[in-house]
Every structure is written in structure tokens, then in C-alpha cells.
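Overview (structure and organization)
Okay, here's what each chain looks like letter by letter:
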Amino acid sequence: MSEAPALVLGIESSCDEMAASVVRNGREVLSSCVQGQEEVHRPYGGVVPELASRDHARSVSQVAARALEEAGVAVEALDGVAVTAGPGLVGSLLVGLSFGKALAYRLGVPLVGIHHLQGHLAAAELADPQLMPPYVGLVVSGGHTALYRIEADDAPVLLGETRDDAVGEAFDKVAALLGLGFPGGPALAREAEGGDPGAVALPRPLLDRPGFDFSYSGLKTAVAVELERRAARSPLSARERRDLAASFQAAAVDVLVARARAAVAETGLAQLAVVGGVAANRRLRESLAEAGARDGFRAVFPPAALCTDNAAMIAAAGAREIARGTHHGFALNSFSRVPLGEAPWAGDAGG
Ligand code: KG4
Ligand code: ZN
């Protein structure tokens, strides 16, 4: 592999964030701009795909210009462009992809498509230069909950994943049940701070089974049932709300910690990278750091701003691909569903 290209622009628009970032030498984040759409989607209580892509189309060039300006980099100085090619909302992905293509074509520099989860994992390597494959990767976000064995030269090996809801989705749904608004994960975590995590007995789904799969829809339902039972008696008090939030968070985190510890033990690896939006959760970070100290593995977390969707992770992953000689060319397409390690665009060289 040759040296990482000096200056890569990353673009990430897989869901409801438009993000752009300039990363130098694959390691140094010169800028990381993220424009959210909370106001657009709040009235609907969730992301509306058509509204997301329309808003991206309005903001993409401004966000990219801001990333270049904050980095102090002229557009002509870029050595490569990296865009998220999937998985995600196709309309949203296409906005970032089309912009990236046009820019790379105009500048005559390589264009690479990055798998969204490859990006999340790159955030951990970006945050901690000591982190080198092989390691165990725990991906916890609004769309994914999975454990991988990350290899240096081979495709990632999926150890287990959720059979139904993703853990971030469960945080968001339980937050909605508790009337904490949208987006729910961070609000639920804040509410849980003042609550008793042992107040309400909730299930730890699948922990009695071997393997590394997860399930979060039953846990969400258990909270809904508990809420109904209490609401039949009297309106939920502020204290009950905090206790339910804390009890849900404890159950959700316990399962992640138990599965991650078992994966580290079974693979015999000494490093665990925890990435994706839910990796910003304080209880998860503290519990896994403690587990690592006890079991003898190192838990690596990106800083919170690089846990949730951002483009620095895409630029960093892109820099590595470009250093390997990858250039996906202008036939690059976007894909709504694609497993990590099976990127169908990887063969699209040339262009
Ligand atoms: O990685 P991400 O930004 O987008 C996806 O690729 O899905 O993850 C977003 C998810 C949302 O479900 C959000 O509620 C959750 O991450 N999240 C959190 C926290 N911050 C974000 N969940 C729990 N605690 C947090 N502090
Ligand atoms: Zn994500």
C-alpha cells in the first residue's frame, strides 16, 4: 500500500445527516461538518425519506464548501473524493454520490465508494492510531447492531447481529413511548441519568442462548407493557419515567456488554472497537471500559462526534482505499441494503 493521499474530501448522506469533511494523510481531521434535519422530521416522529433527500439536495454544496473553508483547503488541492455508497436511504445516498462524482470528475481525482459501516469502523481507527486489525468490532447504531471480527487483509467476518430492531432504533422507540421526543436516543440517555437502573425488571433478550445474535423488539415491547400497566393506575410520574428510562438503558447495555465480552473471549483478540451512534452512550462506554479492565481487552471508542454519522469517517476510510489504488469510477451506484464486506461496487474500477 502506498502513502495515504494528502487531502481527501468525504461526503456522508446515508440518512438524515448531510456531512462533509476534509482529512489529511488519512489520519488528521481538518474539518468535520454535519448538518442535521431534526426540524424537518420532528413533526413526523421519524425520518421521512423523500424529505431527507430533498433537504440534502439543497444543502450538499454548502456543507461541502463549509468543510473546505473550515479546513483552509482550496477545492483544487483535493487528492481524492470518498462518498458513502450504502447501505442507507437510496435517495439520500444518491445526492452525496452525484455531488462526489461531479467533483471528482471536475478535479480529475479518484472517487471511492465507502460502505457506511466501514466508515463507522474507520472512526475508531481514526481516534486511536494504536488500533490495528485484527480486532472485534461492535457496531451499534440506528440501523445496525452487529459484532464482527475485523481482519487486516480479508473481509470482515460477521459473528452475530440483531434479528429484529437495532439497538439505536430501540432507544428511539422507547424514547417515543416515554414522550421524550425525536431524536430519542440522546434524550433517553439524559433521562436515564437521574433514574434507578434496577427499578423495573426487564428482560435481557437472547442472553440465555449461545452465539452472538441480538434482539431488541421484545425489550421495547416489555417497556410498552410496563407503561400500560402503570398508566392504567395513574399518570406516569417524573420519577417513574426516569426509572423506566434507566432500567431500559441498563438492559440494552447489559446485552451489548455480555455479547461483546463473549466475542472477545471466543476470538482471543485483545481489542474491541465500539462504533456507531449508540457508542456515544455513556453507560455503554463505562461498562465496556470496566469489562475490558477486568477481562484484559482494550475497548476503543471514537469521540462522541465521530460515533454518530459524520464524514470524517468516510474520508478516513476513503484515504485508505485510495492508497490501495482503488478508484471506483463514475459508474458507481448507491445501494440501500448491502452487508459489510460485500460491497457490490468494489469491482466497478475504471471510469
Ligand atoms: O450511527 P448513527 O448516527 O446513524 C445510523 O447509522 O443509524 O446512529 C444513530 C442512532 C440513533 O438511533 C440514536 O438515537 C442513537 O444512535 N444514539 C444514542 C445516543 N446518541 C445517539 N443512543 C443512546 N445513547 C446515546 N447517547
Ligand atoms: Zn451510521
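Details of the structure are given in the entry above.
For every chain, the first residue of the written sequence is number 1, and numbering continues from 1 onward in sequence order. Written order determines the labels here, with chains lettered from A and ligands numbered from 1. This being a predicted model, a pLDDT of at least 70 is required before a residue's local features are given, and a value of 80 or more before pairs of side-chain atoms are given or counted; all residues contribute to the totals for chains, interfaces and linings. Side-chain numbers come from the whole structure's heavy atoms, not from hydrogens or water.

A separate point is the coordination of the zinc ion (ligand 2). Coordination partners: N, O, S within 2.8 Å of the metal, 3.2 Å for Na, K and Ca; water not considered, so apparent gaps in a site are possible. Binding of the zinc ion (ligand 2) to the protein goes through His116 (NE2), His120 (NE2) and Asp309 (OD), at separations of 2.0 to 2.1 Å. Motif for the zinc ion (ligand 2), donor spacing along one chain: H-x3-H-x188-D. Note that His116 is positioned in helix H4 (residues 116–127) and Asp309 in the loop between helix H10 (304–307) and helix H11 (312–323), a separation of 193 residues in sequence. When a residue's accessible area, from a 1.4 Å probe over protein chains only, is under 20% of the maximum for its type it is buried; when over 50% it is exposed; and in between it is partly exposed. Judged by its relative accessible area of 5%, His116 is buried. Asp309 sits in the buried class, given a relative accessible area of 17%. By the criteria applied, helices consist of DSSP H or I runs no shorter than four residues and strands consist of E runs no shorter than two, each listed in order from the N terminus.

Attention shifts here to the layout of surface pockets. Think of a 1 Å grid over just the protein atoms. A cavity is a set of points where a 1.4 Å probe fits yet cannot get out, a pocket is an open set with protein on both sides within 12 Å along at least five of seven lines, and lining residues have an atom within 4 Å of a point. Grid points are joined across faces, edges and corners, and a volume is the space filled by probe spheres set on the points. Reported here for the second largest pocket is a volume of approximately 1000 Å³. What lines the second largest pocket is a set of 40 residues, among which Gln118, Ala152, Arg320, Glu321 and Arg324 lie closest to the centre. Elements with a minimum of two residues in the lining of the second largest pocket: strand E5 (111–115), H4 and H11. For the lining of the second largest pocket, the element with the highest residue contribution is H11, accounting for six residues. Any residue that is not Ala, Val, Leu, Ile, Met, Phe, Trp, Tyr, Cys, Pro, Asp, Glu, Lys or Arg is counted as polar, Gly included; the first ten are nonpolar and the last four charged. Classifying every residue of the lining of the second largest pocket by side-chain character gives 21 nonpolar, nine polar and ten charged. Formed jointly, the lining of the second largest pocket draws a minimum of three residues from each of two domains, domain 1 (7–121 + 307–348) and domain 2 (133–301). Where each domain begins and ends follows an automated or database-derived domain assignment.

What follows deals with helix H9 (residues 282–295). With 14 residues, H9 should reach 20 Å at 1.5 Å per residue; the first-to-last C-alpha distance of 20 Å fits that figure. Those residues of H9 lying buried are Leu284, Leu288, Ala291 and Gly292. Seen end-on, H9 carries its buried residues on one side only, within an arc spanning 100 degrees. Exposed residues lying more than 90 degrees from the buried face of H9 are Glu290, Ala293 and Arg294. One side-chain oxygen at the N-terminal end of H9 lies 3.1 Å from the backbone nitrogen of Arg283; it belongs to Asn281. Following H9 by one or two positions, Gly296 adopts a phi angle in the positive range, close to 85 degrees. Working rule for helices: expected span equals 1.5 Å times residues minus one. The directions considered for the arc run from the helix axis to the C-beta atoms. Here a polar contact is recorded for every N or O atom pair within 3.5 Å, except that within protein the pair must consist of a potential hydrogen donor and a potential acceptor, and residues adjacent in sequence are included only if both atoms are side-chain atoms.

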